[in-house]
Amino acid sequence: MNGNRINVTRSSMPEFEEYMKELKPVWESRWLSNRGEASKKFEGMLEEYLDVEHVYCFANGHLALEVALGALFLPKGSEVITTPYTHVSTTHSIVRNSLVPVFVDVEPDTFTIDPTLVEQAITDKTVAIVATHVYGFPCDVEKLEAIARAHNLYVVYDAAHAFGVKYKGAGIGNFGDMAMFSTHATKVFHTIEGGLVTYKEKDNEKLQPMRKIVNFGFTSAEDIDYIGTNARMNEFEAVMGICNLHHIDEEIAKRKTAGEHYWERLEGVPGLILPRPNADTVWNYAYFPVIFDGYRWNRNQVQEELAKKNIYARKYFYPIVNQAACYRDIYGRVDVPIAAHAADCVLTLPMYADLTVDDVDKICDVILGKS
């Protein structure tokens, strides 16, 4: 940190000595990539922690989602119903697979895709739904999967924000055909860079191509059966994941302390809306979004006031994807008023394990005009 600067996020880190101890076998083996022992160990640990049947690790979350969709070999030009209120990576992964995104609006309480609008958007060209668990708030998984079964569609979840989240007692990675988790340095749980896909045993054979596409499409030392890419997680990142996984529950507990203090200070203030997970969700406190709607300052003004005090919050997600320059000409007129309103009003406040109650008070004092 620079002085008393409070960033929107800060990476959790294991003790240096712990990391070096776990890294030593990798260092001595000189097996630094291409699924060494650390990667295999890490995937096994993830399967246990996330309570899922299968995990496969990638170089980053975007490639994880792009490769996972590519491994389904969906017909080019097919339609994928998705949300505009997400990171642009979600949409890029669809478009880079020569698929057509169809944007529908989100629900106002969780910012996740609206299942009713999903069903209305289905055509004979629809092949999949790609939905995002925004801020770690689960989508309405029951409704989405009922729709998918009725129309024979894939459901793929962008769970980039949802590591460790449980819904009705089940790890969030159990829902849909696949779920992608980002393990980027800014996330609740990280491997410096990285991502992973969870999937079920019944799909194990069907997703064999995914495990080949990550390595340029090689199926043996001399056979290249797929047009692949380089999406491999390296061993140094896997070791970081192993170490961080030992501490993830205590890190989430620290985030919870900060989150509850935010609620204590800001809930009930006129013009502020503080979204919460529903009662069926064990949340991970990945982000702390606040909707500034009718407050004495708008979202941008609050962001500016915080910055004057060396506190850095984030407009997230802004702009919504269909308004990004690369998509605006085609999708800019799509009617998604709830997502558009969220993009104009949501500010995610600083949230990380080392954020103290005193830090939260300092942030809240600025927002409330007491500092």
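Criteria and thresholds
- Sequence order as written defines the numbering, with residues in each chain counted from 1.
- The model is predicted, so local features are restricted to residues of pLDDT at least 70 and side-chain atom pairs to those at 80 or more, both for listing and for counting; the totals for chains, interfaces and linings are taken over all residues.
- Hydrogen atoms and water are omitted, and side-chain values are computed over all heavy atoms in the structure.
- Definition used in this section: a nonpolar core is a set of buried Ala, Val, Leu, Ile, Met, Phe, Trp, Tyr and Cys residues joined via side-chain atoms within 4.5 Å.
- Classification of residues uses two cut-offs on accessible area relative to the type maximum, computed with a 1.4 Å probe and protein chains only: under 20% is buried, over 50% is exposed, and between them is partly exposed.
- A run of DSSP states H or I qualifies as a helix once it reaches four residues; a run of E qualifies as a strand once it reaches two. Both are numbered from the N-terminal end.
- Note on definitions: a residue-residue contact is assigned when non-hydrogen atoms from the two residues lie within 4.5 Å.
- Salt bridges are counted wherever a side-chain nitrogen of Lys or Arg sits within 4 Å of a carboxyl oxygen of Asp or Glu.
- This arc is taken over the directions from the axis of the helix to the C-beta atoms.
- Any pair of nitrogen or oxygen atoms within 3.5 Å is treated as a polar contact; in protein, a donor-acceptor pairing is required on top of that, and neighbouring residues in sequence qualify only through side-chain atoms on both sides.
- Each Phe, Tyr or Trp ring (for Trp, its six-membered ring) is paired with any other whose centre lies within 6.5 Å, and the angle between the two planes then decides the class: stacked below 30 degrees, edge-to-face above 60, tilted in between.
- We count a charge as sitting over a ring when the NZ of a lysine or the CZ of an arginine lies within 6 Å of the ring centre and within 35 degrees of the ring normal.

A. Here's a closer look at the nonpolar core. Formed by 96 residues in total, the largest nonpolar core has its most connected members in Leu46, Tyr85, Tyr262, Leu306, Leu349 and Ile367. Looking at which element gives the most residues to this core, the answer is helix H8 (residues 235-266), with twelve residues. In contact with Ile367, not counting residues within four places along its chain, are Leu266, Leu272, Phe292, Tyr295, Arg296, Trp297, Val302, Leu306 and Leu349. Judged by nonpolar contacts, the second largest core, of 29 residues, contains Val80, Ile94, Val127 and Val197.

B. Spatial organisation of the pattern of salt bridges. If you walk through the whole model with that rule in mind, you get 14 salt bridges. A salt bridge links Glu66 to Arg96, with the shortest nitrogen-to-oxygen separation between them at 2.9 Å. Taken as a pair, Glu66 in helix H3 (residues 61-70) and Arg96 in the loop between helix H4 (88-95) and strand E3 (100-103) lie far apart in primary sequence, 30 residues in all. What makes Glu66 buried here is its relative accessible area of 14%. When its relative accessible area of 58% is taken as the criterion, Arg96 is described as exposed. Taking the shortest distance from any N to any O, the salt bridge between Arg276 and Glu267 comes out at 2.9 Å.

C. Structural context of helix H6 (residues 141-151). Here H6 has its buried residues at Val141, Leu144, Glu145, Ile147 and Ala148. All buried residues of H6 project into a common sector of 155 degrees when viewed along the axis, lining one side. Turned more than 90 degrees off the buried face of H6, the exposed positions are Arg149 and Ala150. Each element contacted by the buried residues of H6 is listed here: helix H5 (115-121), strand E4 (126-132), strand E5 (154-158) and strand E6 (166-167). Looking one or two residues beyond H6, the residue adopting positive phi is Asn152, at roughly 55 degrees.

D. Spotlight on the environment of Arg30. As for its placement among the helices and strands, Arg30 is situated in the loop between helix H1 (16-29) and helix H2 (37-50). Taking the C-alpha atoms as reference points, Arg30 and Glu235, separated by 205 residues in sequence, lie 9.9 Å from one another. Here Trp27 takes part through its backbone oxygen, which lies 2.6 Å from a polar atom of the side chain of Arg30.

E. Inspection of the packing of aromatic side chains at higher detail. By the definition in use, this model includes 28 aromatic pairs. With a centroid separation of 4.4 Å and 15 degrees between ring planes, the pair formed by Phe163 and Phe189 is classed as stacked. Highlighted residues: Phe163 in the loop between E5 and E6 and Phe189 in the loop between strand E8 (178-182) and strand E9 (195-199), separated in sequence by 26 residues. Since its relative accessible area comes to 2%, Phe163 is described here as buried. On the basis of an interplanar angle of 70 degrees and a centroid distance of 5.9 Å, the ring pair of Tyr167 and Phe175 is categorised as edge-to-face. Site record: aromatic cluster; members linked through ring pairs are Tyr85, Phe111, Tyr135, Phe137, Tyr262, Trp263, Trp283, Tyr285, Tyr287, Phe288, Tyr316 and Phe317. The cationic tip of Arg299 hangs over the ring face of Tyr318; the distance from NZ or CZ to the ring centre is 5.3 Å.

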